[in-house]
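Close look at the chain arrangement
For reference, the chains in residue letters:
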Amino acid sequence: MAMSTGLRRCGRRLVASVCNNREVSFSTTCQGNNVIQQLQHGQLQETGKSLNLCSAINQALHIALETDPRSYVFGEDVSFGGVFRCTAGLAEKFGKKRVFNTPLCEQGIVGFGIGLAAMDNRAIVEIQFADYIFPAFDQIVNEAAKFRYRSGNQFNCGGLTIRTPYGAVGHGGHYHSQSPEAFFCHVPGIKVVVPRSPREAKGLLLSSIRDQNPVIFFEPKWLYRLAVEEVPEHDYMLPLSEAEVIQEGSDITLVGWGAQLSVMEQACFDAEKEGISCELIDLKTLMPWDKETVEASVRKTGRLLISHEAPVTGGFGAEISASIVERCFLRLEAPVARICGLDTPFPLVFEPFYVPNKNKILDAIKSTVNY
Amino acid sequence: MALSHLKSSSSRSNLLKPLATAFSLRRPISTSTDPLTIETSVPFTAHKCDPPSRTVETNPQELLSFFRDMARMRRMEIAADSLYKAKLIRGFCHLYDGQEAVAVGMEAAITKKDSIITAYRDHCTFLGRGGTLLEVFSELMGRQAGCSHGKGGSMHFYKKDSGFYGGHGIVGAQVPLGCGLAFAHKYNKDDTVAFALYGDGAANQGQLFEALNISALWDLPAILVCENNHYGMGTAEWRAAKNPSYYKRGDYVPGVKTLDLGFSEEFSGHLPGDSFEYAFRAWLESVFLNEMKIVDGMDALAVKQACRFAKDYALKSGPIILEMDTYRYHGHSMSDPGSTYRTRDEISGVRQERDPVERIRKLILAHDLATEKELKDIEKELRKQVDDAIAQAKESPMPEPSELFTNVYVKGMGVEAYGADRKEVRAVLP
Ligand SMILES: Cc1ncc(C[n+]2csc(CCOP(=O)(O)OP(=O)(O)O)c2C)c(N)n1
Ligand SMILES: [Mg+2]
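Residues numbered from 1 in each chain as written. Chains lettered and ligands numbered in written order. Predicted model: local features only at pLDDT ≥ 70, side-chain atom pairs only at ≥ 80, totals over all residues. Heavy atoms only, no water.

For the record, the criterion: UniProt positions are given in the numbering used here, feature names are shortened, and annotations may be inferred rather than shown by experiment.
Looking up chain B in an unreviewed UniProt entry gives the name Dehydrogenase E1 component domain-containing protein, with the organism given as Dovyalis caffra. Turning to chain B, the UniProt annotation filed under Cofactor (unreviewed entry) states: "thiamine diphosphate".

Naming follows an unreviewed UniProt entry, where chain A appears as 3-methyl-2-oxobutanoate dehydrogenase (2-methylpropanoyl-transferring) of Dovyalis caffra. What the UniProt record of chain A gives under Subcellular location (unreviewed entry) is the line "Mitochondrion matrix". The UniProt entry for chain A carries the following comment under Subunit (unreviewed entry): "Heterotetramer of alpha and beta chains."

**Looking at helix 8 (residues 206-217) of chain B**
Residues and elements named next belong to chain B. What counts is decided by this rule: In this description a helix means any DSSP run of H or I spanning at least four residues, a strand means any run of E spanning at least two, and both kinds are numbered starting from the N terminus. Here a helix's expected span is defined as the number of its residues, less one, multiplied by 1.5 Å. Relative accessibility decides the category of a residue: with a 1.4 Å probe and only protein chains considered, values under 20% of the type maximum give buried, values over 50% give exposed, and everything between is partly exposed. When we speak of the arc, we mean the arc of directions from the helix axis to the C-beta atoms.
A rise of 1.5 Å per residue sets the reference length of helix 8, with its 12 residues, at 16 Å; its end C-alpha atoms lie 17 Å apart and thus fit the reference within 8%. Buried residues of helix 8: Leu 208, Ala 211, Leu 212 and Ser 215, and no others. Angular distribution of buried residues about the axis of helix 8 spans 100°; they occupy a single face of the element. Every exposed residue of helix 8 that faces more than 90 degrees away from the buried side is listed here: Glu 210 and Leu 217.

**Describing the environment of Ser179(A)**
Residues and elements named next belong to chain A. The test is simple: Here, residues are in contact when the closest pair of their heavy atoms is within 4.5 Å.
Secondary-structure assignment places Ser 179 in the loop between strand 7 (160-166) and helix 7 (181-185). What makes Ser 179 buried here is its relative accessible area of 10%. It is 9.0 Å that separates the C-alpha atoms of Ser 179 and Pro 165, two residues lying 14 residues apart in sequence. Once residues lying within four places of it in the same chain are set aside, the contact partners of Ser 179 are Tyr 166, Gly 167, Glu 309 and Ala 310.

**Describing a nonpolar patch on the surface**
Rules: Here the term patch refers to residues with relative accessible area over 30% and no salt bridge, with like charges joined within 9 Å and nonpolar side chains (Val, Leu, Ile, Met, Phe, Trp, Tyr) within 5 Å. Accessible surface area values rest on a Shrake-Rupley calculation with a 1.4 Å probe, where residue burial reflects the displayed protein chains alone. Salt bridge, as used here: a side-chain nitrogen of Lys or Arg that lies within 4 Å of a carboxyl oxygen of Asp or Glu.
Taken together, the side chains of Phe183(B), Tyr187(B), Ile214(B), Leu217(B) and Trp218(B) present a nonpolar region at the surface, about 580 Å² in accessible area. Structurally, the position occupied by Ile214(B) is in helix 8.

**Re the site of ligand 1**
Under the convention used in this document: Throughout this document, a residue counts as near a molecule or strand when at least one of its heavy atoms sits within 4 Å of that molecule or strand. The definition of a polar contact used here is a pair of N or O atoms within 3.5 Å, where within protein one atom must be able to donate a hydrogen and the other to accept one, and adjacent residues in sequence count solely through side-chain atom pairs. The residue classification treats Ala, Val, Leu, Ile, Met, Phe, Trp, Tyr, Cys and Pro as nonpolar and Asp, Glu, Lys and Arg as charged. All others, Gly included, are polar.
Surrounding ligand 1, one finds 20 residues, the nearest of these being Glu106(A), Tyr120(B), Arg121(B), Gly201(B) and Ala202(B). Among the chains of the assembly, those with residues near ligand 1 are chains A and B. In this structure, an oxygen atom belonging to ligand 1 sits 2.8 Å away from a main-chain N or O atom of Ala202(B). Burial of ligand 1 by the protein chains amounts to 95% of its free accessible area of 580 Å². Residue composition of the shell around ligand 1, grouped by class: eight nonpolar, eight polar and four charged.

**Considerations on the side chain of His174(A)**
For His174(A), the position within the fold is in the loop between strand 7 and helix 7. For His174(A), a relative accessible area of 18% translates into the label buried. A distance of 2.9 Å separates a polar atom in the side chain of His174(A) from the backbone oxygen of Lys151(B). Not counting residues within four places of it along the chain, the set of residues in contact with His174(A) comprises Asp131(A), Phe346(A), Leu348(A), Lys151(B), Gly152(B) and His156(B).

**Digging into the interface of chain B and chain A**
Rule in force here: Summed over both partners, buried area is the accessible surface (1.4 Å probe) that two parts give up on being assembled.
Contact with chain B, which involves 43 residues of that partner, is made by 36 residues of chain A. A buried area of about 3200 Å², summed over both sides, lies between chain B and chain A, and 68% of it is on carbon and sulfur atoms. On the chain B side of the interface with chain A, the three residues burying the most area are Phe92(B), Ile170(B) and Leu404(B), jointly 19% of the side's total. Our count for the contact surface shared by chain B and chain A stands at four residue pairs in polar contact (both at pLDDT 80 or more).

**Let's talk about the UniProt feature "domain: Dehydrogenase E1 component" (unreviewed entry) in chain B**
Within the UniProt annotation, "domain: Dehydrogenase E1 component" (unreviewed entry) is assigned to residues 68-257 and 295-401 of chain B. With 38% helix and 15% strand, the stretch residues 68-257 of chain B has end C-alpha atoms that lie 26 Å from each other.

**Overview of the domain arrangement of chain A**
All names here are of chain A. The condition is simple: The source of the domain bounds is an automatic or database domain assignment.
Entries for chain A in the domain assignment read domain 1 (2-232) and domain 2 (244-369). Counting residues at the interface gives 36 residues for domain 1, matched by 30 residues for domain 2. Counting every contact that joins domain 1 to domain 2 gives three salt bridges. The partner of Arg 196 in a salt bridge is Glu 244, with the nearest N and O atoms 3.3 Å apart. Inspection of the domain 1/domain 2 interface yields 10 residue pairs in polar contact (both at pLDDT 80 or more). Contributing elements (two or more residues each) for the side of domain 1 that touches domain 2: strand 1 (8-10), helix 7, strand 8 (191-193) and helix 8 (198-210).

Okay, here's the thing in structure tokens:
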């Protein structure tokens, strides 16, 4: 299969190939940590080592700091490596003036990043969990997004990149599980990017950092240690606003992003067994998104299913659905299906019911194809 | 100042010597309510107000209840740790052991008509408000008998009938809410106040200052309690705060600190760096290991005194900040071993010299209110209470699946799910 995240999810039961430790941790004992340590000691020089998503991000940050002396990494606990260890080794290598801890103050952190970026620097900001981005919502929506527009292009904060881990992890509960991407897709001036795998994460993060617009980069924390694949050692970038057909098919188009793709991939696999051929698309950039690739696919298959973890109402799936109905109304053979999180707060003990798991997707594939 | 000040002022004899005792030696455990006066060995430090008196009124019964309540909390948190390791508690879980004196001392000074709001480290505050062990363990394990019916988990304990407003996950967000509670208290004109608790890390959130300004502007009976356990996750206070004298951070708002470590005077103004950190550690160790015989922030009596003072003050003159110098023994949460950013010596030093439960135990023994064996028996009984509560909690069922859709909105405006596997949702308007 085209996508090789090295991970298989059956519903929400994980059969992990790397490490089962899904705890948020100051010092995890996973294999991923060894990779980071090796990186720090410069032992990992050959191209294309197997890396997990966390290490791939770490590598991208190393490259970003190395290639641009005007780039900075900061956030809560980042100089210690961050709670997920994504920034491990950076402070040691690049010094405390370029990689530093901030106090606990998200609004301040992002505002500070905007100011830093306004003077032609690259501010790579970490918000510890996507759930904690809301104290910074005003800075992002009102300051970052509109700086260029309202100053008639005199100023901008294009050097700002906000990295933040999002999504379900099994038992994160209300404030360590949310997927807030849709809020930011409602804000022209901001780009929203979500990678699905280590190789993608490295290339997309480097593009996001170097993009001339402020970018929010949502990292699927579920995959930090679980997703492992070959990641080229060198500096490379993957294009933003370009979706990718990661599996070709003829009966139905499936669109998703980030960690959800591995659930969808499983559903495709099962549908295949029942004779349904699915085309799976990774949107990668949600704002501005690649309508053409999705449109071309739906013109071919005549059916569309979108899946994301965020609640269905007002989720980004709604936007995709509306746009595709506009463009492909006569070609559609069934209503667009959205298999998403339920319209409830992210629950603690009910997570298995809440999440758009493989079976929900599989049922929807079948009912859409048999409509 | 305080380092030298502490050297001269802290002495073991102060702790052991009753200032005024109006009881006779007796057996068994004293239940007397005859007044007993105990002096805190270290004075309070105040900002823009006169400090409370060092002389604390108590009685044998209160001291024994302090012991019992804190030992129960301690046992509960240790048991939660085991349950977590046994995977019976999942997700995020923040333990309070080490900080018990704050919860217990605060309750001793106020009534259940006063309200309390705190962050996610909320198990013991809940217990202090009259919550039961069964409710705690059930909630931790996501069961119906939990204080939030299994829907909240460790970070979201509440108890409406005794004014406990929870249990909040977003750092700092509970403080403005606390000021809103204070406004309501003021309106009610019933001489009640709101206590808003937050950590040293939370103290750097902007909304704290917004809340303070509003409270001061309208003279709200709001008491902001900074539980300074010296770390916000892995970040030592001095790394995050230019001025770690949290009781002074309100500027125009008065503040009281239950102990002045001399931290800010000696260390603010220094830029954090490696050599600084080293010096800081050495200083901390010398203070914790050698000097801290009696420490108010870990002393339920001092906390009680400060909270009583603050309540009186707030009712008359508006908001006030209390800084509680305290310490958490566990890591930040269950995935943090708690030993990467602080030394094991530091932790064991605090345990040996400042432990809130041990402090009260010593006090009880020194005043001959109970024997060592009697206190041990109490602990044994508490251990059994905890074990029984856990066994009972395990019997409690998980919430009904339909509960996923309740309480999103008020009944009748609810979101409903339907369809074969409940994957379709609709909002119902009244
Ligand atoms: C807005 C927000 N940012 C970050 C976090 C993650 N976080 C949870 S607790 C914590 C440290 C808080 O430290 P402190 O206020 O000192 O409280 P303590 O844990 O010591 O009781 C952090 C950074 C959060 N929950 N909310
Ligand atoms: Mg703290």
